[in-house]
Amino acid sequence: MKQFLIRLINVMIGLFLYALGIALTVQAHIGYAPWDVFHIGLADKFGSTIGIVSIFVGMIIVIIVTFAGEKIGLGTVLNVIVIGIFLDIILESGIIPIALNLPLGVIMIVAGLFIIAIGSYFYMKSAFGTGPRDNLMVVLTKKTGMPIGICRSIVDITVTVVGWLLGGMVGAGTIIAAVAGGLCIQIVFKMLKFDVTAIKHETLFYTFASLIKKNK
């Protein structure tokens, strides 16, 4: 149980950092990051919050990656729900101000990308299952054998184009995030000597079955 709690704490730390990183890229105000171009475009159309839309999109992606053969674990479920909640709380709190100039905006969006990468490390190393969006990156890496950073950039650029077509705001920050997002992931994972493809993630069923067995 102690080991389970430690892993769960890692997941929650990672998801909070991920939401914090997203909030920084949004408040940089020089163009939304790839997924946020899509999320905010949908949020504006449906009169919802970015957090709620993020949860909805995450659920759809979970279905897609499940058909692609990826495992869905506790971390995947928490990623879908918790990041959206954390993101709405952070943005509505006003704790992160909007950047008032381009240099500050660039600093904020780059900082946000690195925080997202660190958050990804924390919740992915718990082996409870990767988040839906990261699952797309992992699926592409496994299928093509290309570096994780390149696969992340491919996913981000694709989402940016789709988001733009849906009316999402694209700017300098979008280009920075689309190109540098994968690089930040690769730098952080390399520094931490973390091989995402070597992690054997638990399924949701396996996690609950193990907990029940240990508590008997």
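Structure: see above.
Computed from a prediction, not measured in an experiment: that's the story for all the values here. Throughout, a residue's number is its position along its own chain's written sequence, starting from 1. Side-chain atom pairs in this predicted model are given and counted only at pLDDT of 80 or more, local residue features only at pLDDT of at least 70, and totals for whole chains, interfaces and linings cover all residues. To get the side-chain values, take all heavy atoms of the structure and skip hydrogens and water.

Draft legend 1. Structural view of unusual backbone geometry. Positioned with a positive phi, His 29 is a non-glycine residue whose angle comes to about 60°. Not every positive phi belongs to a glycine, and Lys 193 is a case in point at roughly 55°. Here Lys 193 is to be found in the loop between helix 8 (172-191) and helix 9 (204-214). Note on Lys 193: relative accessible area 79%, which makes it exposed. Helix numbering and strand numbering both begin at the N terminus, where a helix is a DSSP run of H or I of at least 4 residues and a strand a DSSP run of E of at least 2. Working definition: with a 1.4 Å probe on protein chains only, accessible area under 20% of the residue-type maximum means buried, over 50% means exposed, and in between means partly exposed.

Draft legend 2. View of empty space enclosed by the protein. A 1.4 Å probe that fits but cannot get out identifies a cavity on a 1 Å grid over protein atoms alone, an open set with protein on both sides within 12 Å along at least five of seven lines counts as a pocket, and a residue lines either if it has an atom within 4 Å of a point. Grid points are joined across faces, edges and corners, and a volume is the space filled by probe spheres set on the points. Within the structure shown, the criterion is met by 2 cavities of 30 Å³ or more. Approximately 220 Å³ is the volume found for the largest cavity. Taken together, 21 residues make up the lining of the largest cavity; nearest its centre are Tyr 18, Ile 22, Trp 35, Ile 116 and Arg 152. Looking at the lining of the largest cavity, the elements with two or more residues in it are helix 1 (2-27), helix 2 (34-46), helix 4 (74-93), helix 5 (102-124), helix 6 (132-144), helix 7 (148-165) and helix 8. When residues of the lining of the largest cavity are assigned to their parent elements, the largest contribution, 4 residues, is made by helix 2. Note on residue classes: Ala, Val, Leu, Ile, Met, Phe, Trp, Tyr, Cys and Pro are nonpolar, Asp, Glu, Lys and Arg are charged, and everything else, Gly too, is polar. Residues belonging to the lining of the largest cavity are distributed by class as follows: 11 nonpolar, 6 polar and 4 charged. Volume-wise, the second largest cavity comes out at about 30 Å³.

Draft legend 3. Spotlight on the packing of helix 6 against helix 7. As a packed pair, helix 6 and helix 7 sit with axes 9 Å apart at the nearest point and diverge in direction by 125°. It follows that helix 6 is oblique to helix 7 by the angle criterion. Considering how the two elements wind past one another, helix 6 and helix 7 form a crossing that is right-handed. Facing Asp 134, Leu 136, Met 137, Leu 140, Thr 141 and Thr 144 of helix 6, the residues of helix 7 in contact are Ile 148, Cys 151, Arg 152, Ile 154 and Val 155. Of the residues assigned to the contact of helix 6 with helix 7, the class counts are 7 nonpolar, 2 polar and 2 charged. The convention used is that axes are lines fitted to C-alpha atoms, helices contributing only their stretch in contact, and that angles between N-to-C directions extend from 0 to 180 degrees. For classification purposes, an angle smaller than 35 degrees is called roughly parallel, one larger than 145 roughly antiparallel, one from 65 to 115 roughly perpendicular, and anything else oblique. Two helices cross in a left-handed way if the nearer one is turned anticlockwise from the farther one by less than a right angle. They cross in a right-handed way if the turn is clockwise. The contact rule is simple, with two residues in contact once any of their heavy atoms fall within 4.5 Å.

Draft legend 4. Region of interest: the nonpolar core. Ranked by size, the top nonpolar core spans 46 residues in total, and within it Leu 15, Ile 22, Met 124, Phe 189 and Val 196 carry the most contacts. For this core, the elements supplying multiple residues, two or more each, are helix 1, helix 2, helix 4, helix 5, helix 6, helix 7 and helix 8. Per-element tally for this core: the top contributor is helix 1, with 9 residues. Beyond its immediate chain neighbours, meaning those up to four positions away, Phe 189 contacts Ala 117, Ser 120, Tyr 121, Met 124, Phe 194 and Val 196. In this description, a nonpolar core means a group of buried Ala, Val, Leu, Ile, Met, Phe, Trp, Tyr and Cys residues linked to one another through side-chain atoms lying within 4.5 Å. If you look at the next biggest cluster of nonpolar residues, it comprises 14 residues, including Ala 43, Val 57, Val 62 and Val 65.

Draft legend 5. Highlighting the packing of aromatic side chains. Pairing of aromatic side chains requires ring centres within 6.5 Å, counting the rings of Phe and Tyr and the six-membered ring of Trp. Pairs whose planes differ by under 30 degrees are stacked, by over 60 edge-to-face, and all others tilted. Applying the stated criterion across every chain yields a total of 7 aromatic pairs. Ring geometry for Phe 4 and Phe 128: centres 5.6 Å apart, planes at 70°, overall edge-to-face. Here the residue Phe 4 occupies a position in helix 1, and Phe 128 occupies one in the loop between helix 5 and helix 6, the gap between them amounting to 124 residues. Whether a charge sits over a ring depends on NZ of Lys or CZ of Arg being within 6 Å of the ring centre and within 35 degrees of the ring normal. Over the face of the ring belonging to Phe 128 we find Arg 7, whose NZ or CZ atom lies 4.0 Å from the ring centre.

Draft legend 6. How the structure looks around the environment of Ile 98. Its place among the elements puts Ile 98 in the loop between helix 4 and helix 5. Spatially, the C-alpha atom of Ile 98 lies 15 Å from that of Val 110, the residues being 12 residues apart in sequence. In contact with Ile 98, other than residues within four places in its own chain, are Gln 27 and His 29.

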